[in-house]
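# Structural features, examined
Chain residues, written in single-letter form:
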Amino acid sequence: ELFEVNHFRTIYHMFIALLILFILSTVVVDCIDQGRLVLEFDLFSYAFGKFSIVLSTWICMFLSTLIIPYVLLSSWAQGYKTSSHRTIRSLFYASLYMAFQMFGLGFCPAYIVLQHNLPPASRFIVILEQVRQIMKVHSFVRENIPRVLASAKEKSTVAPVPQVTQYLYFLFAPTLIYRDNYPRNPTIRWGYVATKFAQVLGCLFYAYYVFVRLCIPLFRNISLEPFSLRVMVLCVFNSILPGVLILFLAFFAFLHCWLNAFAEMLRFADRMFYKDWWNSTSFANYYRTWNVVVHDWLYYYAYRDFVWLANQSISFLEVGHSSPACRKQCSAGVHGGARACSSAAGVIFNFILHDRRRGPIWNVIMWTSLFLGQGVMLCLYSQEWYAQRHCSLSDPTFLDYLKPRSWTCHVEE
């Protein structure tokens, strides 16, 4: 609905105009320097290289995510009510589930990425799918365990396990919160789907020109200079513009186009993938609104479950230790640790940028900090990338990536 507003469409048109200027700039530079038009997208072919490994890895991840958690949940649920050792049975299946999460979805994809030295875009696809499937599996299991426990208390004859088709739909739906049923649209607008995928492809070409025109010339020169504070500062501020453009492109391509395309193909009606994060006056509000899909998962399964677990632990300590002195010591330890953790992580932004700040100046400060942060991240990641390109490890193994490295550097002419 926001993109139907003329003001938002004007911003969209401005980005298209900037893309046209990037293309014209590349054409002019090629004609002047090379004397001809060079249409070689070698950066694309490199970034998405070894795609057969990516595809086979994704297929294995998807099939294991579809089969193993569903079979484990069904087997545990069907025998839980009649089992005479419910705790032992639950611990056994929980250990299998945790082993699958840590090894099957945690270790194996990361090992494949490092072992095959996948290019940037290819490894990004694998890691993104790895995180997405870990979160989806957790939501599926977390939502169905209480139903099985409630069914056992009610002495129901049928274990309330969802159908495999409901789980399969959830694996593709643009949400991380499992439900048996979602609101659905009556029809699919295939023209809308094609438009969104075309916009994703356009964003990829946009990112290509940003890297070719703004990033590669900058970091190719910086990587050949000795590291110093001057080089670092110049790198950060020269990275702000391409970093911001990549931020906007990633947001538009994934949270708007990609998720809406899949939602339309699945007739998924809940399209609240983001809110008006650009009007945020605090980082707390920004992180709650720029990616609602991930925020909902973190809120329900990280924040609320942690609060419940903390309350249960405090209640256990207070009930288990009847001595007033002991109760005071335990309570002080729990609350002191919580205060220390929260203070260490958020004291600066808590007092500077918080939800009570409503003036426009705070939105300006938020944007300034966001722009500067994008420049810092792009600078550091690019410096590390060029360091790995010019300073190679001698006979690297998988464990070499997990420990401090001794670089053998050489500078290419």
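Identification of the protein as Sterol O-acyltransferase 1 from Eleutherodactylus coqui is taken from an unreviewed UniProt entry. Recorded in UniProt for the protein, the comment headed Subcellular location (unreviewed entry) runs: "Endoplasmic reticulum membrane".

## A look at the state of the cysteines
Summed over all chains, the structure comprises one disulfide. The partner cysteine of Cys235 in its disulfide is Cys379, sulfur to sulfur 2.3 Å. What sets the handedness of the Cys235 and Cys379 disulfide is the S-S torsion sign, and at about 130° it is right-handed. Within this pair, whereas Cys235 is found in helix α8 (residues 229-238), its partner Cys379 is found in helix α13 (residues 360-390), the two being separated by 144 residues in sequence. With a relative accessible area of 0%, Cys235 lands in the buried category. Take Cys379: its relative accessible area is 0%, and that puts it in the buried class. We note that Cys60 lacks a disulfide partner, and the nearest cysteine sulfur, in Cys108, lies 9.6 Å from it. Among the cysteines around Cys203, which has no disulfide bond, Cys257 carries the closest sulfur, lying 5.5 Å off.

## Focus on the UniProt feature "transmembrane region" (unreviewed entry) in the protein
According to UniProt, the positions carrying the feature "transmembrane region" (unreviewed entry) are residues 12-32, 53-72, 92-114, 197-219, 231-255 and 361-381. Taken end to end, residues 53-72 has its terminal C-alpha atoms 28 Å apart, with 100% of it in helix and 0% in strand. Helix makes up 96% of residues 231-255 and strand 0%, with an end-to-end C-alpha separation of 34 Å.

## Observations regarding helix α7 (residues 190-222)
Under the 1.5 Å per step criterion, the end-to-end length of α7 is 46 Å for 33 residues, consistent within 8% with the ideal 48 Å. Residue Cys215 marks the point of greatest curvature in α7, where the axis turns by about 45°; the proline Pro217 follows within four residues.

## Here's the deal with the pattern of salt bridges
Using the criterion set out here, one finds six salt bridges in the structure. Its salt-bridge partner being Asp180, residue Arg147 comes within 2.8 Å of it at the nearest N-O pair. Of this pair, Arg147 sits in helix α5 (residues 120-153) while Asp180 is found in the loop between α6 (164-172) and α7, placing the two residues 33 residues apart along the sequence. With a shortest N-O distance of 3.1 Å, Glu264 and Arg189 are connected by a salt bridge. Of this pair, Glu264 sits in helix α9 (residues 240-265) while Arg189 sits in the loop between α6 and α7; the two residues are 75 residues apart in sequence, bridging distant segments of the chain. Classification of Arg189 by relative accessible area gives partly exposed; the value is 46%. Each member of the salt-bridge network shares a partner with another, and the members are Arg189, Glu264 and Arg271.

## Brief notes about the nonpolar core
Formed by 46 residues in total, the largest nonpolar core has its most connected members in Trp76, Phe140, Tyr167, Tyr274, Trp277, Tyr286 and Leu370. Put simply, the parts of the chain that give this core at least two residues each are α3 (51-80), α4 (86-115), α5, α6, α9, α10 (283-289), α11 (292-320) and α13. Examining the composition of this core, we find that eight residues originate from one element, α3, more than from any other. With sequence-adjacent residues up to four places away left out, Phe140 is seen in contact with Tyr70, Leu73, Pro162, Tyr167, Phe170 and Tyr178. In this structure, Leu19, Tyr208, Val210 and Phe252 belong to the second largest nonpolar core, which totals 14 residues.

## A look at the packing of aromatic side chains
Taken as a whole and assessed by the stated rule, the structure comprises 38 aromatic pairs. Ring geometry for Phe44 and Phe205: centres 5.1 Å apart, planes at 75°, overall edge-to-face. Here Phe44, found in helix α2 (residues 42-47), pairs with Phe205, found in helix α7; they are 161 residues apart in sequence, far enough to count as distant. Looking at Phe44, the relative accessible area reads 19%, which means it is buried. Aromatic pair Trp277 and Trp278: ring centres 5.6 Å apart, planes at 70°, arrangement edge-to-face. You can call Trp277 buried: its relative accessible area is 4%. A residue is classified by how much of its surface remains accessible, and Trp278, at 18% relative accessible area, is buried. Seen from the ring of Phe170, Lys136 lies directly overhead, with NZ or CZ sitting 4.2 Å from the centre. For Arg189, the ring lying beneath its charged end belongs to Tyr192, and the centroid distance is 4.4 Å.

## Quick look at a nonpolar patch on the surface
A contiguous nonpolar patch, built from Phe51, Leu55, Ile59, Leu63, Ile67, Ile68 and Val71 and spanning about 580 Å² of accessible area, is present on the exposed surface. With respect to the secondary-structure elements, Leu63 resides in helix α3.

## With respect to the packing of α5 against α6
At a closest axis distance of 10 Å, the pairing of α5 and α6 adopts a crossing angle of 145°. In this structure, the crossing between α5 and α6 has a hand that is right-handed. Together, Arg132, Lys136, Val137, Ser139 and Phe140 of α5 and Tyr167, Phe170 and Leu171 of α6 make up the contact between the two elements. Looking at the contact of α5 with α6 residue by residue, the classes come out as five nonpolar, one polar and two charged.

About the criteria used
The residue count restarts for each chain, going from 1 along the sequence in the order it is written. Side-chain atom pairs in this predicted model are given and counted only at pLDDT of 80 or more, local residue features only at pLDDT of at least 70, and totals for whole chains, interfaces and linings cover all residues. Computation of side-chain values covers all heavy atoms of the structure but excludes hydrogens and water. UniProt positions are given in the numbering used here, feature names are shortened, and annotations may be inferred rather than shown by experiment. Disulfide assignment relies on a single distance test, namely cysteine sulfur atoms paired within 2.5 Å. Helix numbering and strand numbering both begin at the N terminus, where a helix is a DSSP run of H or I of at least 4 residues and a strand a DSSP run of E of at least 2. Only protein chains enter the accessibility calculation, which uses a 1.4 Å probe; a residue whose area is less than 20% of its type maximum is buried, one above 50% is exposed, and one in between is partly exposed. One less than the number of residues in a helix, times 1.5 Å, gives the span that helix is expected to have. The bend at a residue is defined as the angle formed between two axes, one fitted to the seven residues ending at that residue and one fitted to the seven starting there. Put simply, a salt bridge is a Lys or Arg side-chain nitrogen that is within 4 Å of an Asp or Glu carboxyl oxygen. We define the nonpolar core as a collection of buried residues of types Ala, Val, Leu, Ile, Met, Phe, Trp, Tyr and Cys that are connected through side-chain atoms lying within 4.5 Å of one another. Residue contacts are counted whenever heavy atoms from the two residues lie within 4.5 Å of one another. When two rings of Phe, Tyr or Trp (its six-membered ring) have centres within 6.5 Å they constitute a pair, described as stacked for plane angles under 30 degrees, edge-to-face for angles over 60, and tilted for the intermediate range. The rule is short: NZ of Lys or CZ of Arg within 6 Å of the ring centre and within 35 degrees of the ring normal puts a charge over the ring. Residues enter patches when their relative accessible area tops 30% and they take part in no salt bridge; the joining distance is 9 Å for like charges and 5 Å for the nonpolar side chains Val, Leu, Ile, Met, Phe, Trp and Tyr. Method for areas: the Shrake-Rupley scheme with a 1.4 Å probe, in which residue coverage is limited to the protein chains shown. Axes, fitted as lines to C-alpha atoms, cover a helix only where it is in contact. Angles between the N-to-C directions of the axes lie from 0 to 180 degrees. It is the rotation of the near helix from the far one that decides the hand of a crossing: anticlockwise by less than a right angle makes it left-handed, clockwise makes it right-handed. Throughout, the ten residues Ala, Val, Leu, Ile, Met, Phe, Trp, Tyr, Cys and Pro are labelled nonpolar, Asp, Glu, Lys and Arg are labelled charged, and all others, Gly among them, are labelled polar.

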